[in-house]
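So you can see what is in the structure, the chains are spelled out below.
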Amino acid sequence: MQFENTREFARQLDKDDKLSKYREEFIFPKVNGKEVIYFVGNSLGLQPKSAQKYVDEVMKDWAELAVEGHFYADKSWWDYHERFSGKLAKVVGAKPTEVTVMNTLTVNLHLLMVSFYRPSGKRFKIICEEKAFPSDQYMISSQVRFHGYDPEDAIVEIKKREGENNFRTEDVLEKIREVGEECALVLIGGVNYYTGQVFDMETITKAGHEVGAFVGWDLAHAAGNIELKLSEWNVDFAAWCSYKYMNSGPGNASGCFINEKYHNKKDIPRFEGWWGHNKERRFLMEPEFQPEPTADAWQISNAPILAMAPYLASLEMFDEVGMPALIEKRNKIVAYLEFVLHEIDKEVDSTFEIITPADQEHRGTQLSVFLHGEGKELFRYLMDKGVITDWREPNVIRLAPAPFYCSYEDMYEFGQILKKGILSKQKVN
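Treat the numbers as computed from the prediction; the structure is a model and nothing was measured.

A.B. asks: Got a minute to help me understand the overall build of the chain in this structure?
C.D. replies: Secondary structure assignment for the chain yields 13 helices and 17 strands. By the compact-globule yardstick of 22 Å for 429 residues, the chain fits well, its C-alpha radius of gyration being 23 Å. The C-alpha extent of the chain, read off along each of the three principal axes, is 75 × 60 × 35 Å. Within the chain, the fraction of its 429 residues that count as buried is 58%.

A.B. asks: Can you walk me through the packing of aromatic side chains in this structure?
C.D. replies: The description of an aromatic ring pair uses the distance of the two centres, along with the angle that the planes make with each other. As enumerated under the stated definition, the model contains 30 aromatic pairs in all. Between the aromatic rings of F71 and W78, the centroid separation amounts to 5.5 Å while the plane-to-plane angle is 45°, which identifies the pairing as tilted. Note on F71: relative accessible area 40%, which makes it partly exposed. Taking the relative accessible area as the measure of exposure, W78 reaches 16% and is therefore buried. For the cation-ring pair, R270 lies above W298, with the distance from its terminal atom to the ring centre recorded as 4.6 Å. The side chain of R282 reaches across the aromatic face of W275, ending 4.4 Å from its centre.

A.B. asks: How should the side chain of D17 be read in this particular structure?
C.D. replies: You can see D17 is positioned in the loop between α1 (7-16) and β1 (26-27). We classify D17 as buried; its relative accessible area is 11%. Apart from the residues within four sequence positions on either side, D17 is in contact with K329 and Y408.

A.B. asks: Looking at this structure, how should I read the UniProt feature "modified residue: N6-(pyridoxal phosphate)lysine" (unreviewed entry) in the chain?
C.D. replies: Mapped onto the present numbering, the UniProt feature "modified residue: N6-(pyridoxal phosphate)lysine" (unreviewed entry) falls at K244. When you line up the elements, K244 lands in the loop between β11 (237-240) and β12 (254-258). Apart from the residues within four sequence positions on either side, K244 is in contact with G41, N42, S43, L44, G45, A220 and H221.

A.B. asks: Just checking my understanding: could you explain the nonpolar core for this structure?
C.D. replies: Nonpolar side chains tend to gather and get buried jointly when the protein is soluble and globular. With 109 residues, the main nonpolar core has W217, W240, Y336, L341 and F414 as its most contacted residues. Top element by residues in this core is helix α11 (residues 323-345). It accounts for 12 residues. Counting the residues that make up this core, at least three belong to each of domain 1 (7-48 + 323-426) and domain 2 (81-302). Within the second largest apolar cluster, 30 residues are counted, among which are L109, L185, F214 and C256.

A.B. asks: Explain the sheet that holds strand β16 (residues 390-392) here, please?
C.D. replies: The strands making up a sheet associate through backbone hydrogen bonding, with each pair oriented either parallel or antiparallel. Sheet architecture is open: four strands sit in the order β13-β14-β17-β16, paired in antiparallel fashion. Single-partner strands in this sheet number two, and they are β13 (351-354) and β16. This sheet shows a mean twist of 30° between the axes of neighbouring strands, independent of strand direction. Summarising the sheet, β13 and strand β14 (residues 367-372) pair through four bridges and their orientation is antiparallel. Its bridge partner being in β14, E353 is matched across the sheet by F370. Contacting β13, β14 and β17 (396-399), α11 runs over the sheet at an angle of about 155° to β13.

Procedures and definitions
- Residues numbered from 1 in each chain as written.
- Predicted model: local features only at pLDDT ≥ 70, side-chain atom pairs only at ≥ 80, totals over all residues.
- Heavy atoms only, no water.
- Helix = DSSP H or I, 4+ residues; strand = E, 2+ residues; numbered from the N terminus.
- Rg over C-alpha atoms; globule rule 2.2 N^0.38 Å.
- Buried < 20%, exposed > 50% of the residue type's maximum accessible area, 1.4 Å probe, protein only.
- Phe/Tyr/Trp six-rings, centres within 6.5 Å; stacked < 30°, edge-to-face > 60°.
- Lys NZ or Arg CZ within 6 Å of the ring centre and 35° of its normal.
- Contact = heavy atoms within 4.5 Å.
- UniProt positions renumbered as here; feature names shortened; annotations may be inferred.
- Core = buried A, V, L, I, M, F, W, Y, C linked by side-chain atoms within 4.5 Å.
- Domains from an automatic or database assignment.
- Pairing = 2+ DSSP bridges.
- Axes fitted to C-alpha atoms, helices over the stretch in contact; angles between N-to-C directions.

Written out as C-alpha coordinates, the structure is:
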(Lines give C-alpha, C1' and ligand atoms only; values in the text may rest on other atoms or scores of the structure.)
Protein backbone atom coordinates (compact mmCIF):
# COMPACT_ATOMS: atom_id res chain seq x y z
CA MET A 1 0.00 0.00 0.00
CA GLN A 2 1.13 3.54 -0.78
CA PHE A 3 0.89 5.43 2.51
CA GLU A 4 0.28 9.17 2.84
CA ASN A 5 1.27 11.34 5.78
CA THR A 6 -2.04 13.16 6.03
CA ARG A 7 -4.80 13.17 8.58
CA GLU A 8 -7.38 12.33 5.94
CA PHE A 9 -5.46 9.23 4.86
CA ALA A 10 -4.99 8.09 8.47
CA ARG A 11 -8.71 8.52 9.15
CA GLN A 12 -9.55 6.45 6.09
CA LEU A 13 -7.30 3.67 7.38
CA ASP A 14 -9.19 3.79 10.68
CA LYS A 15 -12.52 3.71 8.84
CA ASP A 16 -11.41 0.56 6.98
CA ASP A 17 -9.98 -1.06 10.15
CA LYS A 18 -12.10 -4.01 11.28
CA LEU A 19 -10.66 -3.75 14.81
CA SER A 20 -11.24 -0.01 15.26
CA LYS A 21 -14.35 -0.63 17.40
CA TYR A 22 -12.23 -2.24 20.12
CA ARG A 23 -10.62 1.12 20.87
CA GLU A 24 -13.87 1.98 22.67
CA GLU A 25 -13.39 -1.05 24.94
CA PHE A 26 -10.37 0.53 26.70
CA ILE A 27 -9.91 3.44 29.10
CA PHE A 28 -7.40 6.09 28.00
CA PRO A 29 -5.68 8.45 30.44
CA LYS A 30 -6.07 12.13 29.58
CA VAL A 31 -3.56 14.98 29.39
CA ASN A 32 -4.96 18.50 29.20
CA GLY A 33 -8.42 17.01 28.84
CA LYS A 34 -7.52 14.98 25.74
CA GLU A 35 -7.02 11.21 25.42
CA VAL A 36 -3.34 10.35 25.21
CA ILE A 37 -1.54 8.70 22.32
CA TYR A 38 -0.46 5.51 24.07
CA PHE A 39 2.73 3.80 22.90
CA VAL A 40 3.64 1.75 25.99
CA GLY A 41 1.47 -1.34 25.66
CA ASN A 42 4.83 -3.14 25.69
CA SER A 43 5.17 -2.03 29.31
CA LEU A 44 1.60 -1.85 30.65
CA GLY A 45 -1.49 -2.29 28.52
CA LEU A 46 -4.50 -0.05 28.93
CA GLN A 47 -7.37 -1.12 31.17
CA PRO A 48 -10.24 -2.91 29.40
CA LYS A 49 -13.57 -1.43 30.44
CA SER A 50 -14.80 -4.96 31.15
CA ALA A 51 -12.10 -5.49 33.80
CA GLN A 52 -14.11 -3.65 36.46
CA LYS A 53 -17.09 -5.94 35.87
CA TYR A 54 -14.98 -9.07 36.31
CA VAL A 55 -13.42 -7.74 39.52
CA ASP A 56 -16.80 -6.62 40.87
CA GLU A 57 -18.17 -10.09 40.19
CA VAL A 58 -15.51 -11.63 42.42
CA MET A 59 -16.08 -9.02 45.14
CA LYS A 60 -19.82 -9.69 45.05
CA ASP A 61 -19.29 -13.44 45.33
CA TRP A 62 -16.89 -12.93 48.23
CA ALA A 63 -19.42 -10.70 50.00
CA GLU A 64 -22.40 -12.96 49.44
CA LEU A 65 -20.84 -16.43 49.52
CA ALA A 66 -17.63 -16.00 51.49
CA VAL A 67 -15.77 -19.33 51.58
CA GLU A 68 -18.52 -21.02 49.59
CA GLY A 69 -17.39 -18.98 46.60
CA HIS A 70 -14.74 -21.63 46.02
CA PHE A 71 -17.43 -23.99 44.79
CA TYR A 72 -20.65 -22.04 44.31
CA ALA A 73 -19.64 -18.79 42.65
CA ASP A 74 -20.74 -18.49 39.03
CA LYS A 75 -17.04 -18.71 38.16
CA SER A 76 -16.02 -20.98 41.02
CA TRP A 77 -12.65 -20.11 42.52
CA TRP A 78 -11.22 -23.58 42.96
CA ASP A 79 -10.98 -24.06 39.19
CA TYR A 80 -10.84 -20.39 38.15
CA HIS A 81 -7.42 -20.77 36.51
CA GLU A 82 -8.76 -23.52 34.24
CA ARG A 83 -10.83 -20.93 32.35
CA PHE A 84 -7.60 -19.55 30.91
CA SER A 85 -6.03 -22.63 29.40
CA GLY A 86 -8.03 -22.99 26.19
CA LYS A 87 -7.93 -19.30 25.32
CA LEU A 88 -4.27 -18.87 26.22
CA ALA A 89 -3.33 -21.98 24.26
CA LYS A 90 -4.53 -20.21 21.10
CA VAL A 91 -2.42 -17.14 21.90
CA VAL A 92 0.83 -19.06 22.41
CA GLY A 93 0.31 -21.98 20.03
CA ALA A 94 -0.02 -24.75 22.58
CA LYS A 95 -2.38 -27.47 23.73
CA PRO A 96 -4.70 -26.39 26.55
CA THR A 97 -3.12 -29.00 28.84
CA GLU A 98 0.32 -27.38 28.32
CA VAL A 99 -0.68 -23.94 29.65
CA THR A 100 -1.37 -22.69 33.15
CA VAL A 101 -1.61 -19.34 34.96
CA MET A 102 0.14 -18.73 38.26
CA ASN A 103 2.41 -16.36 40.18
CA THR A 104 4.39 -13.69 38.29
CA LEU A 105 6.97 -13.93 35.52
CA THR A 106 10.32 -14.11 37.30
CA VAL A 107 8.86 -16.26 40.07
CA ASN A 108 7.72 -18.72 37.43
CA LEU A 109 11.06 -18.69 35.64
CA HIS A 110 12.73 -19.58 38.95
CA LEU A 111 10.24 -22.40 39.49
CA LEU A 112 10.69 -23.70 35.96
CA MET A 113 14.46 -23.68 36.42
CA VAL A 114 13.95 -26.30 39.14
CA SER A 115 12.74 -28.64 36.43
CA PHE A 116 14.81 -27.51 33.46
CA TYR A 117 18.17 -26.31 34.79
CA ARG A 118 19.71 -29.52 36.09
CA PRO A 119 23.47 -29.11 35.82
CA SER A 120 25.67 -32.15 36.26
CA GLY A 121 29.22 -33.03 35.33
CA LYS A 122 30.45 -30.90 32.48
CA ARG A 123 26.91 -29.96 31.36
CA PHE A 124 26.23 -26.86 33.44
CA LYS A 125 26.26 -23.81 31.16
CA ILE A 126 23.34 -21.51 30.31
CA ILE A 127 23.24 -19.65 27.00
CA CYS A 128 21.38 -16.32 26.97
CA GLU A 129 21.53 -13.06 25.05
CA GLU A 130 23.75 -10.21 26.19
CA LYS A 131 21.97 -7.35 27.94
CA ALA A 132 18.85 -9.41 28.51
CA PHE A 133 16.14 -7.75 30.57
CA PRO A 134 17.74 -7.19 34.00
CA SER A 135 15.31 -9.46 35.85
CA ASP A 136 16.36 -12.36 33.59
CA GLN A 137 20.02 -11.59 34.23
CA TYR A 138 19.47 -11.56 37.99
CA MET A 139 17.41 -14.74 37.88
CA ILE A 140 19.95 -16.68 35.80
CA SER A 141 22.92 -15.51 37.86
CA SER A 142 21.24 -16.41 41.14
CA GLN A 143 20.26 -19.85 39.83
CA VAL A 144 23.82 -20.54 38.74
CA ARG A 145 25.20 -19.48 42.13
CA PHE A 146 22.55 -21.55 43.91
CA HIS A 147 23.89 -24.63 42.12
CA GLY A 148 27.44 -23.79 43.21
CA TYR A 149 28.80 -22.37 39.95
CA ASP A 150 30.48 -19.07 39.14
CA PRO A 151 28.36 -17.01 36.71
CA GLU A 152 31.56 -16.09 34.88
CA ASP A 153 32.04 -19.76 34.04
CA ALA A 154 28.43 -20.92 33.69
CA ILE A 155 26.71 -18.11 31.76
CA VAL A 156 27.49 -17.78 28.05
CA GLU A 157 26.16 -14.63 26.41
CA ILE A 158 25.39 -14.34 22.70
CA LYS A 159 26.66 -10.99 21.47
CA LYS A 160 25.75 -8.68 18.62
CA ARG A 161 28.37 -8.04 16.00
CA GLU A 162 30.35 -4.83 16.25
CA GLY A 163 28.32 -1.92 14.91
CA GLU A 164 25.08 -3.93 14.58
CA ASN A 165 21.87 -3.40 16.53
CA ASN A 166 20.42 -6.91 16.35
CA PHE A 167 21.46 -10.50 16.91
CA ARG A 168 22.12 -12.78 13.97
CA THR A 169 20.51 -16.20 14.08
CA GLU A 170 23.65 -17.80 12.66
CA ASP A 171 25.67 -16.41 15.57
CA VAL A 172 23.19 -17.87 18.06
CA LEU A 173 23.41 -21.28 16.39
CA GLU A 174 27.19 -21.12 16.21
CA LYS A 175 27.42 -20.35 19.94
CA ILE A 176 25.12 -23.27 20.78
CA ARG A 177 27.28 -25.64 18.74
CA GLU A 178 30.44 -24.20 20.30
CA VAL A 179 29.24 -24.76 23.87
CA GLY A 180 27.91 -28.16 22.77
CA GLU A 181 27.76 -30.85 25.44
CA GLU A 182 28.55 -28.30 28.17
CA CYS A 183 25.21 -26.59 27.50
CA ALA A 184 22.50 -27.45 30.02
CA LEU A 185 20.00 -24.76 29.02
CA VAL A 186 19.28 -22.16 26.35
CA LEU A 187 17.10 -19.39 27.79
CA ILE A 188 16.45 -16.27 25.69
CA GLY A 189 13.81 -13.54 25.50
CA GLY A 190 11.63 -14.36 22.48
CA VAL A 191 11.35 -10.65 21.66
CA ASN A 192 14.22 -8.44 22.75
CA TYR A 193 12.82 -5.79 25.08
CA TYR A 194 15.22 -3.04 23.92
CA THR A 195 15.17 -3.37 20.13
CA GLY A 196 11.94 -5.29 19.56
CA GLN A 197 13.78 -7.99 17.57
CA VAL A 198 11.94 -11.32 17.29
CA PHE A 199 14.22 -14.35 17.58
CA ASP A 200 13.88 -17.39 15.33
CA MET A 201 12.55 -19.53 18.16
CA GLU A 202 11.89 -22.62 16.08
CA THR A 203 15.42 -22.82 14.67
CA ILE A 204 17.12 -21.97 17.97
CA THR A 205 15.03 -24.51 19.89
CA LYS A 206 15.99 -27.23 17.43
CA ALA A 207 19.67 -26.33 17.72
CA GLY A 208 19.55 -26.44 21.53
CA HIS A 209 18.00 -29.88 21.47
CA GLU A 210 20.63 -31.13 19.02
CA VAL A 211 23.34 -30.55 21.64
CA GLY A 212 21.23 -32.17 24.38
CA ALA A 213 20.13 -28.99 26.18
CA PHE A 214 16.74 -27.87 27.42
CA VAL A 215 15.37 -24.78 25.67
CA GLY A 216 13.09 -22.23 27.31
CA TRP A 217 11.80 -18.78 26.35
CA ASP A 218 10.91 -15.63 28.25
CA LEU A 219 7.90 -14.41 26.27
CA ALA A 220 7.24 -11.21 28.22
CA HIS A 221 7.30 -9.13 25.02
CA ALA A 222 6.01 -11.90 22.77
CA ALA A 223 2.74 -13.19 24.26
CA GLY A 224 -0.20 -11.36 22.70
CA ASN A 225 2.18 -9.67 20.25
CA ILE A 226 3.56 -12.20 17.76
CA GLU A 227 2.60 -15.58 16.35
CA LEU A 228 3.78 -18.36 18.63
CA LYS A 229 3.77 -22.11 18.00
CA LEU A 230 5.28 -23.47 21.20
CA SER A 231 3.98 -27.02 20.77
CA GLU A 232 4.95 -27.25 17.12
CA TRP A 233 8.42 -25.85 17.84
CA ASN A 234 8.86 -28.46 20.60
CA VAL A 235 9.82 -25.80 23.16
CA ASP A 236 10.49 -27.32 26.59
CA PHE A 237 9.08 -24.48 28.67
CA ALA A 238 8.16 -20.80 28.52
CA ALA A 239 6.74 -18.08 30.72
CA TRP A 240 5.28 -14.64 30.09
CA CYS A 241 3.71 -11.74 31.92
CA SER A 242 0.13 -10.74 31.20
CA TYR A 243 0.19 -6.99 31.82
CA LYS A 244 1.88 -5.82 28.62
CA TYR A 245 0.11 -6.68 25.36
CA MET A 246 -2.45 -8.77 27.23
CA ASN A 247 -3.77 -5.86 29.33
CA SER A 248 -4.32 -7.67 32.64
CA GLY A 249 -3.22 -4.89 34.99
CA PRO A 250 0.01 -3.93 36.82
CA GLY A 251 2.17 -6.82 38.03
CA ASN A 252 -0.52 -9.35 37.29
CA ALA A 253 -0.39 -13.12 37.01
CA SER A 254 2.02 -14.90 34.68
CA GLY A 255 1.35 -17.64 32.17
CA CYS A 256 3.45 -20.79 31.78
CA PHE A 257 3.94 -23.38 29.09
CA ILE A 258 5.31 -26.83 29.91
CA ASN A 259 5.64 -29.26 27.03
CA GLU A 260 3.32 -32.27 27.45
CA LYS A 261 6.27 -34.68 27.27
CA TYR A 262 7.09 -33.67 30.87
CA HIS A 263 3.58 -34.25 32.21
CA ASN A 264 2.70 -37.31 34.28
CA LYS A 265 6.27 -37.68 35.45
CA LYS A 266 6.59 -38.17 39.19
CA ASP A 267 10.39 -38.18 39.05
CA ILE A 268 10.83 -34.75 37.45
CA PRO A 269 12.36 -32.19 39.84
CA ARG A 270 9.65 -29.69 40.70
CA PHE A 271 8.66 -27.56 43.66
CA GLU A 272 5.19 -28.77 44.59
CA GLY A 273 2.14 -27.54 46.45
CA TRP A 274 -1.44 -28.64 46.92
CA TRP A 275 -2.87 -26.81 43.88
CA GLY A 276 -0.72 -29.03 41.66
CA HIS A 277 -2.08 -32.12 43.39
CA ASN A 278 -4.71 -34.30 41.69
CA LYS A 279 -7.76 -32.04 41.51
CA GLU A 280 -10.26 -34.78 42.32
CA ARG A 281 -8.38 -35.73 45.51
CA ARG A 282 -7.09 -32.29 46.52
CA PHE A 283 -9.43 -31.84 49.47
CA LEU A 284 -8.75 -35.28 50.88
CA MET A 285 -5.55 -33.78 52.32
CA GLU A 286 -3.42 -36.81 51.44
CA PRO A 287 0.27 -36.77 52.43
CA GLU A 288 1.65 -38.02 49.11
CA PHE A 289 1.70 -35.65 46.12
CA GLN A 290 -0.14 -36.88 43.04
CA PRO A 291 0.53 -34.43 40.18
CA GLU A 292 -2.18 -33.18 37.91
CA PRO A 293 -1.64 -34.75 34.46
CA THR A 294 -1.16 -31.29 32.88
CA ALA A 295 0.89 -28.13 33.28
CA ASP A 296 -1.23 -27.50 36.38
CA ALA A 297 1.10 -29.90 38.21
CA TRP A 298 3.49 -26.92 38.47
CA GLN A 299 0.84 -24.93 40.37
CA ILE A 300 1.78 -24.45 44.00
CA SER A 301 -0.81 -22.25 45.69
CA ASN A 302 -4.45 -21.56 44.98
CA ALA A 303 -5.08 -18.89 42.35
CA PRO A 304 -5.19 -15.15 43.27
CA ILE A 305 -8.73 -14.70 41.95
CA LEU A 306 -8.99 -10.92 42.33
CA ALA A 307 -5.75 -10.44 40.40
CA MET A 308 -6.70 -12.89 37.67
CA ALA A 309 -10.15 -11.44 37.01
CA PRO A 310 -8.91 -8.56 34.79
CA TYR A 311 -6.70 -11.00 32.91
CA LEU A 312 -9.71 -13.15 32.12
CA ALA A 313 -11.63 -10.06 30.95
CA SER A 314 -8.89 -9.17 28.48
CA LEU A 315 -8.41 -12.76 27.36
CA GLU A 316 -12.08 -12.93 26.38
CA MET A 317 -11.37 -10.20 23.81
CA PHE A 318 -8.29 -12.01 22.52
CA ASP A 319 -10.42 -15.10 22.05
CA GLU A 320 -13.10 -13.11 20.25
CA VAL A 321 -10.69 -11.38 17.84
CA GLY A 322 -7.97 -14.03 17.44
CA MET A 323 -4.24 -13.54 16.99
CA PRO A 324 -4.32 -13.60 13.14
CA ALA A 325 -6.51 -10.47 13.03
CA LEU A 326 -4.39 -8.70 15.65
CA ILE A 327 -1.19 -9.54 13.78
CA GLU A 328 -2.66 -8.33 10.49
CA LYS A 329 -3.44 -4.91 11.99
CA ARG A 330 -0.15 -4.88 13.91
CA ASN A 331 1.82 -5.26 10.70
CA LYS A 332 -0.08 -2.46 8.99
CA ILE A 333 -0.08 0.06 11.84
CA VAL A 334 3.62 -0.51 12.60
CA ALA A 335 4.42 -0.06 8.90
CA TYR A 336 2.43 3.19 8.89
CA LEU A 337 4.24 4.42 12.00
CA GLU A 338 7.55 3.59 10.31
CA PHE A 339 6.45 5.54 7.21
CA VAL A 340 5.44 8.56 9.32
CA LEU A 341 8.81 8.56 11.09
CA HIS A 342 10.66 8.52 7.77
CA GLU A 343 8.51 11.36 6.45
CA ILE A 344 9.09 13.54 9.53
CA ASP A 345 12.80 12.73 9.35
CA LYS A 346 12.89 14.50 5.97
CA GLU A 347 11.46 17.68 7.50
CA VAL A 348 13.82 18.12 10.47
CA ASP A 349 17.58 18.28 11.02
CA SER A 350 17.63 15.41 13.49
CA THR A 351 18.11 11.84 12.29
CA PHE A 352 15.87 8.94 13.29
CA GLU A 353 17.48 5.50 13.21
CA ILE A 354 15.02 2.64 13.65
CA ILE A 355 17.03 -0.14 15.27
CA THR A 356 14.19 -2.68 15.14
CA PRO A 357 14.51 -5.07 12.17
CA ALA A 358 12.78 -3.76 9.05
CA ASP A 359 11.26 -7.09 7.97
CA GLN A 360 7.98 -8.14 9.58
CA GLU A 361 9.23 -11.65 10.24
CA HIS A 362 11.69 -10.34 12.81
CA ARG A 363 9.64 -7.65 14.55
CA GLY A 364 6.35 -7.32 16.34
CA THR A 365 4.49 -4.27 17.62
CA GLN A 366 7.50 -2.31 18.83
CA LEU A 367 9.75 0.13 16.98
CA SER A 368 12.82 1.33 18.86
CA VAL A 369 14.15 4.61 17.51
CA PHE A 370 17.51 6.28 18.07
CA LEU A 371 16.90 10.04 18.11
CA HIS A 372 20.31 11.24 16.96
CA GLY A 373 20.83 14.85 17.92
CA GLU A 374 18.06 14.78 20.50
CA GLY A 375 18.06 14.43 24.26
CA LYS A 376 15.61 13.61 26.99
CA GLU A 377 13.99 17.04 26.71
CA LEU A 378 12.24 15.81 23.56
CA PHE A 379 10.84 12.86 25.49
CA ARG A 380 9.56 15.26 28.15
CA TYR A 381 7.99 17.43 25.44
CA LEU A 382 6.16 14.42 24.00
CA MET A 383 4.89 13.40 27.44
CA ASP A 384 3.70 16.97 28.15
CA LYS A 385 1.77 16.90 24.88
CA GLY A 386 0.04 13.64 25.77
CA VAL A 387 2.25 11.19 23.86
CA ILE A 388 2.98 8.43 26.37
CA THR A 389 6.14 6.69 25.26
CA ASP A 390 9.19 5.06 26.78
CA TRP A 391 12.73 6.40 27.04
CA ARG A 392 15.79 4.15 27.21
CA GLU A 393 19.32 5.44 27.58
CA PRO A 394 21.19 6.83 25.77
CA ASN A 395 18.54 8.33 23.45
CA VAL A 396 16.10 5.63 22.37
CA ILE A 397 12.32 5.86 22.45
CA ARG A 398 10.31 2.66 22.23
CA LEU A 399 7.02 2.96 20.37
CA ALA A 400 4.52 0.11 20.61
CA PRO A 401 1.18 0.86 18.88
CA ALA A 402 -0.93 -1.97 20.34
CA PRO A 403 -3.44 -3.01 17.65
CA PHE A 404 -6.35 -3.43 20.05
CA TYR A 405 -6.58 0.27 20.91
CA CYS A 406 -4.15 2.40 18.88
CA SER A 407 -5.41 4.17 15.77
CA TYR A 408 -3.78 5.20 12.52
CA GLU A 409 -4.70 8.80 13.29
CA ASP A 410 -2.66 8.42 16.49
CA MET A 411 0.35 7.64 14.30
CA TYR A 412 -0.20 10.73 12.16
CA GLU A 413 -0.79 12.99 15.17
CA PHE A 414 2.33 11.65 16.88
CA GLY A 415 4.37 12.58 13.80
CA GLN A 416 3.08 16.14 13.91
CA ILE A 417 3.79 16.52 17.63
CA LEU A 418 7.27 15.03 17.18
CA LYS A 419 8.04 17.46 14.36
CA LYS A 420 6.83 20.47 16.39
CA GLY A 421 8.92 19.40 19.35
CA ILE A 422 12.11 19.16 17.31
CA LEU A 423 11.49 22.36 15.33
CA SER A 424 10.61 24.38 18.44
CA LYS A 425 13.89 23.32 20.06
CA GLN A 426 15.86 24.18 16.94
CA LYS A 427 14.18 27.59 16.77
CA VAL A 428 15.18 28.33 20.38
CA ASN A 429 18.78 27.29 19.64
